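# Chain and residue survey
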Amino acid sequence: MCPDECTNCWRIKVNAIVTILLLVGSNIFMTLAWYGHLKLSQMNISTSWPLWGVILFSWLIALAEYSLQVPANKIGFVGNGGPFTLMQLKVIQEVISLIVFTVIAGVLFQGEQLHWNHAAAFACLILAVYFVFMK
């Protein structure tokens, strides 16, 4: 193996890690943008906000989400020198999204509980990741 190939392999591994970290951050912001206003409402913080205020609040959070999501896809996409195909990026994003959602829902919305069907759905997602990366 020549040194150029080692450097390229190392760069691809770094791109994979950076992509996944950016997707995790992106999905934290996405989940807060989509569901954070519900928690604010439970806490009587946003109950008097008009709908346009809730939308604006969510859009501001979504701006941070997009600021991480777009670079994650650009860095991670095989067409830009990254390690992932378009389909792999999407499946990774969906799995991360559901994991992040589950953690945030468990922390912020204490009444939400996991049931057997949720575990079955996660198992299906793991199978999806397996199949999308299968050669």
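A few points on the structure. (Residues numbered from 1 in each chain as written. Predicted model: local features only at pLDDT ≥ 70, side-chain atom pairs only at ≥ 80, totals over all residues. Heavy atoms only, no water.)

## A look at the pattern of salt bridges
- Summed over all chains, the structure comprises one salt bridge.
- Across the salt bridge formed by lysine 90 and glutamate 94, the nearest N and O atoms sit 2.7 Å from each other. You can see lysine 90 and its partner glutamate 94 sitting in helix α3 (residues 86–108), four residues apart, about one turn around the helix.
- A relative accessible area of 44% places lysine 90 in the partly exposed class.
- Glutamate 94 gets classed as partly exposed once you look at its relative accessible area, which sits at 32%. (Salt bridge = Lys/Arg side-chain N within 4 Å of Asp/Glu carboxyl O. Helix = DSSP H or I, 4+ residues; strand = E, 2+ residues; numbered from the N terminus. Buried < 20%, exposed > 50% of the residue type's maximum accessible area, 1.4 Å probe, protein only.)

## What to know about the side chain of serine 26
- Along the chain, serine 26 turns up in helix α1 (residues 3–42).
- A distance of 3.1 Å separates polar atoms of two side chains, one belonging to serine 26 and the other to glutamine 69.
- Ignoring anything within four residues of it in the chain, the contact list for serine 26 reads Glu65, Leu68 and Gln69. (Polar contact = N/O pair within 3.5 Å; in protein donor to acceptor, adjacent residues only side chain to side chain. Contact = heavy atoms within 4.5 Å.)

## Focus: the packing of aromatic side chains
- The tally for this structure, following the rule as stated, stands at five aromatic pairs.
- A ring pair is formed by tryptophan 34 and tyrosine 35, whose centres lie 6.2 Å apart and whose planes are at 75 degrees; its orientation type is edge-to-face.
- Where tryptophan 49 meets phenylalanine 57, the ring centres are 5.4 Å apart and the plane angle is 65 degrees; that geometry is what we call edge-to-face.
- What links up through ring pairs into an aromatic cluster is the set Trp34, Tyr35 and Phe101.
- Above the face of the phenylalanine 109 ring, lysine 39 is positioned so that its terminal group lies 6.0 Å from the ring centre. (Phe/Tyr/Trp six-rings, centres within 6.5 Å; stacked < 30°, edge-to-face > 60°. Lys NZ or Arg CZ within 6 Å of the ring centre and 35° of its normal.)

Everything listed is a geometric property; what it means functionally is a separate question.
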